[in-house]
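Below, each chain spelled out in residue letters.
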Amino acid sequence: MKSHRPGRQFLHTPGPTHIPDRVQNAMHVKAVDFASPEFMDVAVECFEGLKPLFGLKEGEVFIYTASGHGAWEAAFVNLLEPGDTVLMPETGRFSRVWGEMGEALGLKIETVENDWRTAIDPADVEEKLRADTDHTIKAVMMVHTETATGVTSDVPAVRRVIDAAGHPALLIVDAIASWLTTELPMDDWGVDVVVGASQKGLMLPPGLSFTAVGPKALEATKECKTFREYWSWSARLGFEQYRRFCGTAPEHMIFGLREAIEIIDEEGLDNLFARHARLADAARLCVGEWAKGGALEFNALRPEERANGLTVIRVREDLDAEEIRRTARDMFDVACGGGLALLANKVFRIGHMGDINDPMILGALGGVESTLGYLGLPYESGLGAAAKHLAETAPRLNRPADGRTYS
Ligand SMILES: *Cc1c(COP(=O)(O)O)cnc(C)c1O
């Protein structure tokens with residue numbers, strides 16, 4: 001028997017994320033002829049509108065009707081050939097799986113081990129590159145925000161050591177979790193390829209992924225002999241829509257994409273990044289209080305490396321992270337992410353990326369805090385600290401002009 005659940009479930013998985021009504025409504029349209037000039041205009045608007053979202057001026061963005069894994073593969077097969085070596089410093093489960101994909105494609109993946117609690121150490125990357133005197137490493141591939149661990153690595157620092165070592169390797173960044181939550185201006189930071197997906201900061205349903213490709217990589221792909229067709233950047237550079245999408249365009253996703261780009265333009269990228277940082281700070285202040293009870297701690301050991309898109313919370317060895325996650329979802333209507341691979345059952349993850357605002361983060365934290373109480377875990381309440389932070393950092397735009405205060 002069906003039973004009504006009042007209110008709504010708060011979706012705080014680190015992908016998929018909450019979809020704004022405007023995006024959902026923009027997709028609620030009839031199917032159209034994808035070869036019509038009207039649809040072509042929408043698609044062109046999207047291809048152009050995406051570039052500034054990556055901080056890309058001279059280059060191209062490619063849209064795949066695929067999960068992030070598709071764009072992951074595209075980054076390999078457009079630039080690397082079987083037998084090539086890639087340096088992919090470990091960050092957690094996502095860097096590992098990306099590396100395993102590279103191995104399956106015949107690449108040699110060199111890595112630097114990591115404890116899944118800290119960022120990539122640029123000094124390790126520099127050492128590997130300096131040792132590679134005959135330049136067998138063709139690319140440095142890194143995950144910006146590692147969604148399994150809640151750690152964000154320093155992209156400019158990695159760029160600096162590549163340059164300091166005088167190494168010609170391309171820099172390829174998986175920004176699936178960081179894109180549109182954390183700054184990553186690819187031109188300014190000297191990133192050759194950025195990989196993104198639709199269901200995280202972009203606020204779309206899952207189903208699209210992206211490679212943003214700078215001039216050096218567009219040049220390099222011409223030399224790459226790896227078999228490819230669907231993923232091929234060169235094949236997609238034609239103007240005809242059928243080629244641009246390598247098949248029927250994912251029309252409804254494109255209508256949604258145009259609306260998402262519009263929403264982001266209205267907010268402005270600087271405001272968007274500031275909003276994510278502020279809401280993430282609220283979450284971190286709250287988790288810091290919870291942690292005083294001794295049952296929980298941040299997975300990311302260094303405060304400055306904690307991601308703005310999600311917070312990963314580690315539970316004491318004898319506790320069951322999945323029970324917390326299940327209870328939060330089924331009893332308190334807050335859906336969080338679970339632990340992955342080595343962190344299975346050791347952590348749960350609160351996403352705060354995309355279309356979220358103050359009451360949503362407070363609601364999510366409130367549901368999790370109630371869960372801690374419900375399960376009888378020791379914690380100190382963090383909701384007050386989060387609310388106080390939001391009060392202190394809210395924009396002062398609505399104050400009356402006459403200087404009155406509300407006290
Ligand atoms: C979500 C995510 C992926 C995988 O994306 P899919 O769309 O599930 O294929 C890869 N890398 C990172 C960092 C992610 O957060």
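Residues numbered from 1 in each chain as written. Predicted model: local features only at pLDDT ≥ 70, side-chain atom pairs only at ≥ 80, totals over all residues. Heavy atoms only, no water.

Here the domain parsing of the chain yields domain 1 (21-266) and domain 2 (269-393). Taking only C-alpha atoms into account, the centre of domain 1 sits 28 Å from that of domain 2. At the interface, 26 residues of domain 1 touch 26 residues of domain 2. Across the interface of domain 1 and domain 2, roughly 2,200 Å² is buried in total on both sides, 64% from carbon and sulfur atoms. For the domain 1 face of the interface with domain 2, the top three residues by lost area are Trp116, Arg117 and Thr181, together amounting to 30%. At the surface where domain 1 touches domain 2, the tally comes to one salt bridge. Taking the shortest distance from any N to any O, the salt bridge between Arg117 and Glu297 comes out at 3.4 Å. Counting across the interface, domain 1 meets domain 2 through ten residue pairs in polar contact (both at pLDDT 80 or more). Those elements giving two or more residues to the side of domain 1 that touches domain 2 turn out to be helix H2 (37-54), helix H4 (93-104) and strand S7 (151-152). Its residues placed into classes, the side of domain 1 that touches domain 2 shows eleven nonpolar, nine polar and six charged. (Domains from an automatic or database assignment. Contact = heavy atoms within 4.5 Å. Buried area = accessible area lost by both parts, 1.4 Å probe. Salt bridge = Lys/Arg side-chain N within 4 Å of Asp/Glu carboxyl O. Polar contact = N/O pair within 3.5 Å; in protein donor to acceptor, adjacent residues only side chain to side chain. Helix = DSSP H or I, 4+ residues; strand = E, 2+ residues; numbered from the N terminus. Nonpolar A, V, L, I, M, F, W, Y, C, P; charged D, E, K, R; others polar.)

Okay, the sheet that holds strand S9 (residues 193-197) next. Strand order in the open sheet made by the seven strands is S2-S10-S9-S8-S5-S3-S4, with mixed pairing throughout. With partners counted over all chains shown, the strands left at the sheet margins are strand S2 (60-64) and strand S4 (108-110), one partner each. This sheet shows a mean twist of 20° between the axes of neighbouring strands, independent of strand direction. H2 rests against S2, S9 and strand S10 (209-213) of the sheet, and its axis sits at about 110° to S2. (Pairing = 2+ DSSP bridges. Axes fitted to C-alpha atoms, helices over the stretch in contact; angles between N-to-C directions.)

Bringing the side chain of Gln199 into the picture now. Relative to the helices and strands, Gln199 resides in the loop between S9 and S10. The buried category is assigned to Gln199, whose relative accessible area is 13%. (Buried < 20%, exposed > 50% of the residue type's maximum accessible area, 1.4 Å probe, protein only.)

Moving on, we come to the nonpolar core. Counting residues in hydrophobic clusters, the biggest one holds 55 residues, and the most contacted among them are Leu50, Phe54, Phe210 and Leu257. Counting 33 residues, the second largest nonpolar core, distinct from the first, contains Phe62, Leu79, Phe94 and Trp231. (Core = buried A, V, L, I, M, F, W, Y, C linked by side-chain atoms within 4.5 Å.)

Another point: the sheet that holds strand S12 (residues 310-315). The pairing of strands in a sheet comes from backbone hydrogen bonds and takes either a parallel or an antiparallel form. Read from one edge to the other, the open sheet built from five strands follows the order S1-S13-S14-S12-S11, with strand pairing classed as mixed. The open sheet has two edge strands with one neighbour each: strand S1 (10-12) and strand S11 (296-298). The mean inter-strand angle of the sheet, taken between neighbouring strand axes irrespective of direction, is 35°. Judged from the three bridges that link them, S1 and strand S13 (residues 334-338) form a sheet pairing that is parallel. Bridged to Phe10 within S13 is Val334. Contacts from helix H12 (residues 269-291) reach S11, S12 and strand S14 (347-351) within the one sheet, and its direction differs from that of S11 by about 140°. Across the sheet, helix H13 (residues 321-330) lies against S11, S12, S13 and S14, angled at about 155° from S13, the strand it touches most.

All right, on to the state of the cysteines then. Under the counting rule described, the total for this entry stands at zero disulfides. Here Cys224 is not cross-linked by a disulfide; its sulfur's nearest cysteine counterpart is in Cys246, at 16 Å. Given the relative accessible area of 9%, Cys224 is considered buried. Overall, Cys246 belongs to the partly exposed group, its relative accessible area being 29%. (Disulfide = S-S within 2.5 Å.)

Taken as a whole and judged by the stated rule, the model has 21 salt bridges. Among the salt bridges present, the one from Glu45 reaches Arg258, with a minimum N-O distance of 3.5 Å. Here the residue Glu45 occupies a position in helix H2, and Arg258 occupies one in helix H11 (residues 251-267), the gap between them amounting to 213 residues. When its relative accessible area of 42% is taken as the criterion, Glu45 is described as partly exposed.

Around the ligand there are 13 residues in total, and Gly68, His69, Thr147, Asp174 and Lys200 lie nearest to it. A distance of 2.5 Å separates an oxygen atom of the ligand from a polar side-chain atom of His69. A distance of 2.6 Å separates an oxygen atom of the ligand from a polar atom in the side chain of Lys200. Here the ligand, which alone exposes 380 Å², has 89% of that area covered by the protein. The element that contributes the greatest number of residues to the shell around the ligand is helix H3 (residues 68-77), accounting for three residues. When its residues are assigned to classes, the shell around the ligand shows five nonpolar, six polar and two charged. (Near = heavy atom within 4 Å. Areas by Shrake-Rupley, 256 points an atom, 1.4 Å probe, with all protein chains shown as cover.)

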